[in-house]
Structure formats: C-alpha cells, structure tokens
Amino acid sequence: MRLNFFSPHPEPIAEADRPLIDQERMLFLVEHFPIGQQVNYYPEYIRAINFQTFIIGYRINNKFIYSVDDIANDGNGLPIGFRLGRAPTLALAGVTDFQLLLPDTSNLEKNLDYFTRAELGRDGQFTPGNALTLYIQTKVRGVPTLDTKVVRRQKLPNGPFAGISTVLVTPDFATLMLADKRRKQRVQSTIAAELIFGIDQSPFGCVLADFAEQSLRIGLAHGKEIMPLLNEGESVLITFTIGEAKNFYQIKGKVFRRSDEACVINYEQLHKYGKFTPISMMDVIEIKTGLLNHKA
C-alpha cells in the first residue's frame, strides 16, 4: 500500500476533524521531512531569504526522538506510532503535541543586508511565533512544503545534542503539500529590457515577457531572431524601466532554462540603496504592481 500525494492540483492534506497526525500525514512527513533530512527554508514568508537546515529530531508529547528507528511501522512499512523510551508504543491517534527540532542557524542572518534583517524583526528569524516554511528541492513537478511556527530557541540539557543551541518549531499539518512548481502568479508584460551577460558582451535588447515569484521570463524584441547562447546556472543581469525613469530596475539572477525564443531566469538580487540586496516579497509586489498599472 502506498498513498499518492502527486495531485495535479495540490491541496493541503488536512481536514478539521482529523487527529493531529494520522497515517497519511505521517507517511508524507517521514518520506519528505524525515529525521536527518537536509531541507531549505525561508522565514516569515520572505522567499528571497533562503537558508538550509537539518531536521535533527521530532518531539512527540514532550519527548524527543532522534532516529527514524523510533518510528513504528506496520507489516506494509506504514507508520503506526512512536517508540518513546521504555513506554509502550504510542499510537498516532495518541499524539497530542508534535514539533520538529532544528539546529539554531541564527548565524546565517549575518549574510543578509541591513534592510532584509530588519524585515525579520529585532530578534531575528527565530522570534517565537515567527513562520518558517520548509521545503525540499526536487527535480520532479511537486515541491514538498510545510509551514511551521517557531516555539523557542533552546539548549537541550541531555541527549545527543546536549548543550547545542537548537530551535523548536510546530508544524502546521494543514499545509503539508506538494506545491506545483508551475503554479506561480505571473504578470505578463511587453516592457523593453536588456540582458547583460558574459565578458565584453554588448547588452542584448529583449522584452520582459512575464514576472513571477522567484523567476522572470524574457522574450525576443522586434528585429531579434535568437536568444544568446546561455548556459543553465549562468549569472546574468536584467534591466528594465516601468514608466518613469525613477522606476529603473537592475536584477541579478541565474539562467534556469533557455530556448531560441525565450529565457527563464531565477532572480536573486535587486540593486537598491546603492548596492545589490536579496529580493524581498515587498520588492516583488512593487514590481508586479508597476507592471499591472503600466500603460504601454
């Protein structure tokens, strides 16, 4: 038996009357967010801030487990409960409290510019109540995603991670899903743009065809027959103006996909305040709003 989560229209796999964690949720969790798994995350729904972390344990009813061997399975390999020390196996239906244990990665904030750090609040990304969205990068269509909320930072008094600074987060099981990589809210455009790439290459005139969260697509301008030969992962710069000259944007990113007619670029940084900084959700909203209200 194997449960299928690869729906063409991903929806949260939760109903209000279900227990905190049942076999369907637990199977998704151990397949995509198991103990020992390296995951990506972004805090406070700011997708431009992207860090890596590890799931180092689960906390079930106030007791920690640090190994997948402590998850009890049935004869078909499906999770049915947890082995919490010497006590009898705790069935999934008996779980009333569940958290994930992560290492304290506060030091990663040092790589952010002042304005981005300010978006996280005075006490940083792990302020109690802050949101952390965990996700796994995959080569298939679905991206396993889970929203969590910070409970606290702590140093454990005992166990394999005693004395190490950690972060406890509570998962929102209603958000367990395989997010569709293609389900991005794209704003279409015909604004003139320039692609800057390579060494000693002249800027390439193009069109900003659409703009979405995390990526943009450029197309051929009138009179152009083919996109420059760009490699996947190659760093490029896109410049364009929305309306008045003060709304001039310079965006750094990497080539995701290229064809003769178009190029998709995963953007990373925006030039503002005299330097390049990670693109925030507010930057995305500003650009989208400008594009939606631009009069050709």
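Rules used in this analysis
Here, residues in each chain are numbered from 1, in the same order as that chain's written sequence. The predicted nature of this model means local features are confined to residues of pLDDT at least 70 and side-chain atom pairs, given and counted, to a pLDDT of 80 or more, with totals for whole chains, interfaces and linings taken over all residues. Hydrogens and water are ignored here; the side-chain numbers use all heavy atoms of the structure. Put simply, DSSP H or I for four residues or longer makes a helix, DSSP E for two residues or longer makes a strand, and each gets a number counted from the N terminus. Relative accessibility thresholds used throughout: buried, under 20% of the residue-type maximum; exposed, over 50%; partly exposed, between the two (1.4 Å probe, protein chains only). Contacts are assigned to residue pairs with any non-hydrogen atoms lying within 4.5 Å of each other. Working rule for helices: expected span equals 1.5 Å times residues minus one. The arc refers to the directions leading from the helix axis to the C-beta atoms. In these notes, a set of buried Ala, Val, Leu, Ile, Met, Phe, Trp, Tyr and Cys residues joined through side-chain atoms within 4.5 Å is what counts as a nonpolar core. Two strands qualify as a pair provided DSSP detects at least 2 bridges between them. Axis lines are fitted through C-alpha atoms, for helices just across the contact stretch, and the angle between N-to-C directions can take any value from 0 to 180 degrees. Within 3.5 Å is the distance limit for a polar contact, defined as a pair of N or O atoms, with the added protein rule that one can donate a hydrogen and the other accept it, and that residues adjacent in sequence qualify only through two side-chain atoms. Note on ring pairs: Phe, Tyr and Trp rings are taken, using the six-membered ring of Trp, and paired if centres are within 6.5 Å. Classes follow the plane angle, with under 30 degrees stacked, over 60 edge-to-face and the rest tilted. Charge over a ring is defined by NZ of Lys or CZ of Arg lying within 6 Å of the ring centre and within 35 degrees of the ring normal. Any residue with relative accessible area above 30% and no salt bridge may belong to a patch, with like charges joined within 9 Å and the nonpolar Val, Leu, Ile, Met, Phe, Trp and Tyr side chains within 5 Å. Computed with a 1.4 Å probe, the accessible areas rest on the Shrake-Rupley method; for each residue, only the protein chains presented here act as cover. The term salt bridge refers to a side-chain nitrogen of Lys or Arg lying within 4 Å of a carboxyl oxygen of Asp or Glu.

**Q** Sorry, what's going on with the overall build of the chain here?
**A** What the chain contains, in helices and strands, is 3 helices and 19 strands. Each of the 296 residues in the chain was classed as buried or not, and the buried ones make up 45%. By sequence separation, contacts in the chain at least 24 residues apart represent 55% of the contacts at least 6 residues apart.

**Q** What is the right way to look at helix H3 (residues 281-292) in this model?
**A** Because each turn of an α-helix spans 3.6 residues, side chains separated by three or four positions in sequence point in the same direction. Spanning 12 residues, H3 covers 16 Å between terminal C-alpha atoms, matching the ideal 16 Å at 1.5 Å per step. All of the buried residues in H3 are Asp283, Val284, Ile287, Lys288 and Leu291. One side of H3 carries all its buried residues, which in axial view fall inside an arc of 130 degrees. Facing away from the buried surface of H3 by more than 90 degrees, the exposed residues are Met282 and Leu292. Its buried side turned inward, H3 meets strand S13 (187-196), strand S14 (204-212), strand S16 (235-241), strand S17 (248-258), strand S18 (262-272) and strand S19 (275-278).

**Q** How should I be thinking about the nonpolar core in this particular structure?
**A** One recurring pattern in soluble globular proteins: nonpolar side chains tend to sit buried together. Ranked by internal contacts, the top residues of the largest apolar core, which has 36 residues, are Leu29, Phe33, Tyr58, Phe82 and Phe98. At the level of elements, helix H1 (23-32), strand S1 (38-43), strand S3 (57-60), strand S8 (98-103), strand S9 (131-135), strand S10 (142-155) and strand S11 (165-171) are the ones that each hand at least two residues to this core. When sequence neighbours within four positions are dropped, the list of residues in contact with Phe98 reads Leu20, Ile21, Leu29, Tyr58, Arg59, Ile60, Phe82, Thr170, Pro171 and Phe173. Ranked by size, the runner-up nonpolar core spans 28 residues in total, among them Ala193, Leu195, Leu230 and Tyr249.

**Q** How should unusual backbone geometry be read in this particular structure?
**A** With glycine set apart, most residues show a phi of negative sign, and most peptide bonds adopt trans. The backbone phi angle of Asn61 is positive, close to 50 degrees, even though this residue is not glycine. Locating Asn61 in the fold gives a position in the loop between S3 and strand S4 (63-65). Its relative accessible area of 22% is what places Asn61 among the partly exposed residues. Despite not being glycine, Asp200 has its phi angle at roughly 65 degrees, a positive value. Topologically, Asp200 is positioned in the loop between S13 and S14.

**Q** How should I be thinking about the sheet that holds strand S6 (residues 79-82) in this particular structure?
**A** By definition, the strands of a sheet pair up through backbone hydrogen bonds, in either a parallel or an antiparallel sense. The strand order S5-S6-S7 describes an open sheet built from 3 strands, whose pairing is antiparallel. Two strands bound the open sheet, and with one partner strand each, they are strand S5 (71-73) and strand S7 (90-91). Direction of pairing for S5 relative to S6: antiparallel, over a ladder of 3 bridges. Within S6, the position partnered with Asn73 by the bridge is Pro79. Sitting on the sheet, H1 touches S5 and S6, and the angle it makes with S6 is about 85 degrees.

**Q** Would you mind showing me how to read the side chain of Asp104 here?
**A** With respect to the helices and strands, the residue Asp104 is situated in the loop between S8 and helix H2 (114-119). A polar contact is formed between the side chain of Asp104 and the side chain of Arg153, at a distance of 2.8 Å. Here Ser165 takes part through its side chain, which lies 2.7 Å from a polar atom of the side chain of Asp104. In this structure, Asp104 is in contact with Phe126, Arg153, Ser165, Thr166 and Val167, ignoring residues within four places of it in sequence.

**Q** What is the right way to read the packing of aromatic side chains from this model?
**A** Any aromatic ring pair is given by two values, namely how distant the centres are and how the planes are angled relative to each other. Evaluation of the coordinates by the stated rule reveals 9 aromatic pairs. Geometrically, the ring pair formed by Phe64 and Tyr66 is stacked, given 5.9 Å between the ring centres and 10 degrees between the ring planes. Among the residues examined, Tyr66 registers a relative accessible area of 24% and is labelled partly exposed. Among the aromatic residues, those joined into a ring-pair cluster are Tyr58, Phe82, Phe98 and Phe173. Taking the ring centre of Phe276 as reference, the NZ or CZ of Lys252 above it sits at 4.3 Å.

**Q** Any chance you could explain a nonpolar patch on the surface here in plain terms?
**A** Together, Tyr114, Phe115 and Tyr273 make up an exposed nonpolar region whose accessible area comes to about 390 Å². Mapped onto the elements, Tyr114 comes out in helix H2.

**Q** Explanation requested: the pattern of salt bridges in the structure shown.
**A** Pairing of side chains with opposite charge becomes possible as their charged atoms draw close. A complete count under the given rule lists 6 salt bridges for this structure. With its nearest N and O atoms 3.7 Å apart, the salt bridge here joins Asp97 to Arg59. A residue pair is termed long-range when its members are at least 10 positions apart, and Asp97 in the loop between S7 and S8 and Arg59 in strand S3 qualify at 38 residues. Overall, the relative accessible area of 13% leaves Arg59 in the buried class. In this structure, Lys272 engages Asp283 in a salt bridge whose closest nitrogen and oxygen atoms are separated by 3.0 Å.

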